[in-house]
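Chains, contacts and geometry: an overview
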Amino acid sequence: MQYKQFGKDGPMVSRLGLGCMRLPMVGEGKEARADDEKGVAIIRRAYELGINFFDTAWGYMNRDGQRITGLGIKPFRDKVVLSSKLPPDEVQEPADFMRKLEMSLREFDTEYIDYYHMHALNAKNWSHAKKVDMHKNMLKAKEQGLIRHISFSFHDVPEVMTEIADEGIFSSVLCQYNLIDQSNEAVMQKIADRGMGVMVMGPVGGGTIADGGEALLRLYDTSAASAPELALRFVLGYDAVSLALSGMSSIEMLEENVAIVERAASVTPEERELLHSTNDKLRELSDLYCTGCNYCAVCPQDIRPSAHFKCYNNAKIWGLYENSKKRYDRFGPENRFSGNSADACIACGACSEHCPQKIDIPTRLQEVREYFSR
Ligand code: SF4
Ligand code: SF4
C-alpha cells in the first residue's frame, strides 16, 4: 500500500480508503442492518492490507454504518484514521449538533473522530449550516478533543468549494473527481496549495468507467491493465489528491481494489497529458453524468433513475446498446432489484430536488425512454 500526507497538518494515509457505506446488510428495506460478521471481516482485512482510512456517515446503511465501522476498527482504533459526516439538515437548532456528535461517538464506541465532515455541502446547505452555528460548534468540538479535524464533502459547482474553504476552519475536502468528471480539478489544486487535504469519491465514476472495459482502454491508448486501474492511476496521479475512497462490499472486491492500487503507479506526465486530451471527447459523450449515488431514490413510482442512466450511458458512450437494452427492458413494477420502468414517471420532480449533479431527471428519463424505444 502506498501512503501520502493528508494536508499540511494531517497524518499519512493509505492512498485507498475504505468507504463503509456498502458493507453487507441483513434484512430488507428500511429494517436492514449491517451484517456484523461480514462487515467486520471486510474492515479487518482492509487493515491487514494496509488501509488506514475508514470513512462512513451519519446516514449510511440505514443509520447503522457508524456502529459497524466502529466495531470493525475497534482492535486498532488508535492506529487508523476514522472519518464520518453529518448533513447540515440534521441540525435544525444549534444544540442538535453536539447531541448528534455524542450519539455518533457512542455508535463508534470511540472518544474522538479524526475527520468530521459537513456532509454533501452545496451553497444552500452551507448557508443553513452557518445559520445553525454548525461551523462554530464543530470548532468547539475540536477544542474539546471530540473531533481532530473539521472537513466537508462537496456536491456543487467549483466556485462554491472555494467559498466554503475560505471560511478557514477546514482541514480537508472530499469531492468528485475522475476521468470523465474533472470539473473540480483546478480548485482541488488551490485547496491543496493552501494546505488542506484532498480526498476523492467516485474515482471510477460510480462504476461507469469500470463498465467501459476494453473499449475505454482503447479510447485512452493507455498501458493500464483494466479500466478501474486506468481510473485510479488517473486520480492518484494527480498531485493534489491524497487518497481515493471506494465503497467495498466483499473481501474479493477489497482485495482486487487493493491490488489495483498497488499496481497503479502514478501516471507519467506524458500519459496524463494524453488522458487530458482525450477528455473533451469523453465529456461530450457523457453529458448525462450520474454518479449512481442514489440520493434521488425517493420516487413514489419506484423508478430508480440511476439504473436507467447507467443503461443509457453504457449504450451511448461505449456502444453497449444490446446489453443495455436488455437491462432496460427488465425495468418494471415486478423488478425488486432495479425498480420500475421510466414509463411510469409522472414527472413530479421529487427526484431532481435530491440530485447533487443537478440533473433534470424527468426530462432525461424521457430521453432515455425515447432512446431505447427506437
Ligand atoms: S419525476 Fe418521475 S422518476 Fe422522479 S420522482 Fe417523480 S415519478 Fe419518480
Ligand atoms: S440522478 Fe443524480 S441523485 Fe440520482 S443517482 Fe444520479 S447523480 Fe445521484
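Residues numbered from 1 in each chain as written. Chains lettered and ligands numbered in written order. Predicted model: local features only at pLDDT ≥ 70, side-chain atom pairs only at ≥ 80, totals over all residues.

1. Considerations on the packing of helix α3 (residues 65–73) against helix α4 (residues 94–108)
- Two elements in contact, α3 and α4, have axes separated by 7 Å at closest approach and are oriented at 45°. Comparing the axis directions of α3 and α4 gives the class oblique. Between α3, through Gln 66, Arg 67, Thr 69 and Gly 70, and α4, the contact on the second element is made entirely by Ser 104, Glu 107 and Phe 108.
- Class assignment for the residues of the contact of α3 with α4 results in 1 nonpolar, 4 polar and 2 charged. (Axes fitted to C-alpha atoms, helices over the stretch in contact; angles between N-to-C directions. Helix = DSSP H or I, 4+ residues; strand = E, 2+ residues; numbered from the N terminus. Parallel < 35°, antiparallel > 145°, perpendicular 65-115°, else oblique. Contact = placed C-beta atoms within 7 Å. Nonpolar A, V, L, I, M, F, W, Y, C, P; charged D, E, K, R; others polar.)

2. Describing the site of ligand 2
- Every one of the 15 residues lining ligand 2 counts as a neighbour, but Cys 290, Cys 293, Cys 296, Ser 306 and Cys 355 are closest to it.
- The biggest single contributor to the shell around ligand 2 is helix α13 (residues 305–318), with 3 residues.
- Residue composition of the shell around ligand 2, by class: 9 nonpolar, 6 polar and no charged. (Near = placed C-beta within 6 Å.)

3. Some points on the site of ligand 1
- Ligand 1 sits among 14 residues. The nearest are Cys 299, Cys 345, Cys 348, Cys 351 and Pro 362.
- Per-element accounting of the shell around ligand 1 gives the leading share, 3 residues, to helix α15 (residues 361–372).
- Split into classes, the residues belonging to the shell around ligand 1 amount to 12 nonpolar, 2 polar and no charged.

4. Some details on the environment of Gly 10
- With respect to the helices, strands and loops of the structure, Gly 10 is situated in the loop between β1 (3–5) and β2 (12–14).
- A residue is classified by how many C-beta atoms lie within 10 Å of it, and Gly 10, with 21 of them, is buried.
- Expressed as a C-alpha distance, the spacing of Gly 10 and Val 81, which sit 71 residues apart in the sequence, is 9.9 Å.
- Leaving out residues up to four positions away in the same chain, Gly 10 has contacts with Gln 5, His 149, Ser 171, Ser 172 and Gly 197. (Buried ≥ 20, exposed ≤ 12 C-beta atoms within 10 Å, placed from the backbone.)

5. A short note on the sheet that holds strand β7 (residues 81–86)
- Spatially, β3-β6-β7-β8-β9-β10-β11-β12 is the arrangement adopted by the 8 strands of the closed barrel, whose pairing is parallel. Strand after strand, the sheet turns through a mean of 25° between neighbouring axes, direction not considered.
- Bridge count for strand β6 (residues 53–55) against β7 is 3 bridges, and the pairing is parallel. Bridging from a neighbouring strand, Phe 54 pairs with Leu 82 of β7.
- Along the sheet, helix α7 (residues 158–165) makes contact with β8 (113–121), β9 (147–154) and β10 (172–176), crossing β10 at roughly 170°. (Pairing = 2+ DSSP bridges.)

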